[in-house]
Structures are given as C-alpha cells and as structure tokens.
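Residues per chain, in single letters:
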Amino acid sequence: MKFAILLIAVITLNSCNTSIGIWRDTKHAYSWTQQKIQSSNQGGGGAGDEYGAPVY
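Per chain, the residues get numbers from 1 upward, laid out in the order the sequence is written. Totals for whole chains, interfaces and linings use every residue, but because this is a predicted model, local features are given only for residues with pLDDT of at least 70 and side-chain atom pairs only at 80 or more, for both listing and counting. Side-chain metrics rest on all non-hydrogen atoms present in the structure, leaving aside hydrogens and water.

Q: Would you mind going over the overall build of the protein chain with me for this structure?
A: Scanning the protein chain for helices and strands turns up two helices and zero strands. With 56 residues in all, the protein chain has 0% of them scored as buried. Using the Shrake-Rupley algorithm and a 1.4 Å probe, accessible areas are obtained, with residue cover drawn only from the displayed protein chains. Only carbon and sulfur atoms are counted for the fraction: they give 63% of the accessible area of the protein chain, which is about 5500 Å². What counts as a helix is a DSSP run of H or I of at least four residues, what counts as a strand is a run of E of at least two, and both are numbered from the N terminus. Relative accessibility under 20% of the residue-type maximum defines a buried residue, over 50% an exposed one, and the middle range a partly exposed one, all with a 1.4 Å probe and only protein chains included.

Set out below in structure tokens:
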C-alpha cells in the first residue's frame with residue numbers, strides 16, 4: 001500500500017518543472033551548506049557562533 005502511494009506521488013509529481021526545481025533547490029542547499037562550513041572553519045578555534053555558544 002505504501003509503495004502504491006509512493007508510486008502515484010512520483011508519477012504525478014514527475015513533471016519537468018518539478019524535477020528541475022528539486023535539482024536547483026538541492027544544488028543551492030549544497031552550495032549554501034558548503035559556504036557555511038568553510039566560513040566557520042575560517043574563524044579559528046573557539047570563536048563561537050552568533051549566539052556566543054562555542055563551536056567545536
């Protein structure tokens with residue numbers, strides 16, 4: 001039953017715009033996450049986040 005519901009959802013949502021949108025959102029999320037990780041590594045040890053909590 002779950003497989004049938006999943007299959008129906010995939011078939012109905014598998015249009016070009018939906019697929020392209022999911023791809024763009026995933027790509028943007030990857031880039032954003034990568035930038036955040038790289039910028040947090042630039043600060044050095046114990047710099048903390050915006051709320052003052054230490055980052056390990």
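Back to the write-up after that little detour.
Q: Which parts of the structure should I look at to understand helix α1 (residues 2-13)?
A: One full turn of an α-helix is made of 3.6 residues, so residues set three or four places apart face in the same direction. Helices are assigned an expected span. That span is 1.5 Å times one less than the residue count. For α1, built from twelve residues, the straight-helix expectation of 16 Å at 1.5 Å per residue is met to within 8% by its first-to-last C-alpha distance of 16 Å. Little of α1 sits inside the fold, with zero of its twelve residues counted as buried.

Q: I'm lost on a nonpolar patch on the surface in this one. Help?
A: Exposure above 30% relative accessible area and no salt bridge define the residues that can form patches, which grow by joining like charges within 9 Å and nonpolar side chains of Val, Leu, Ile, Met, Phe, Trp and Tyr within 5 Å. A carboxyl oxygen of Asp or Glu within 4 Å of a side-chain nitrogen of Lys or Arg is what we treat as a salt bridge. The grouping of F3, L7 and I11 at the surface amounts to a nonpolar patch, some 350 Å² of accessible area in total. Take I11: it is sitting in helix α1. Under the relative-accessibility criterion, I11 is labelled exposed at 59%.

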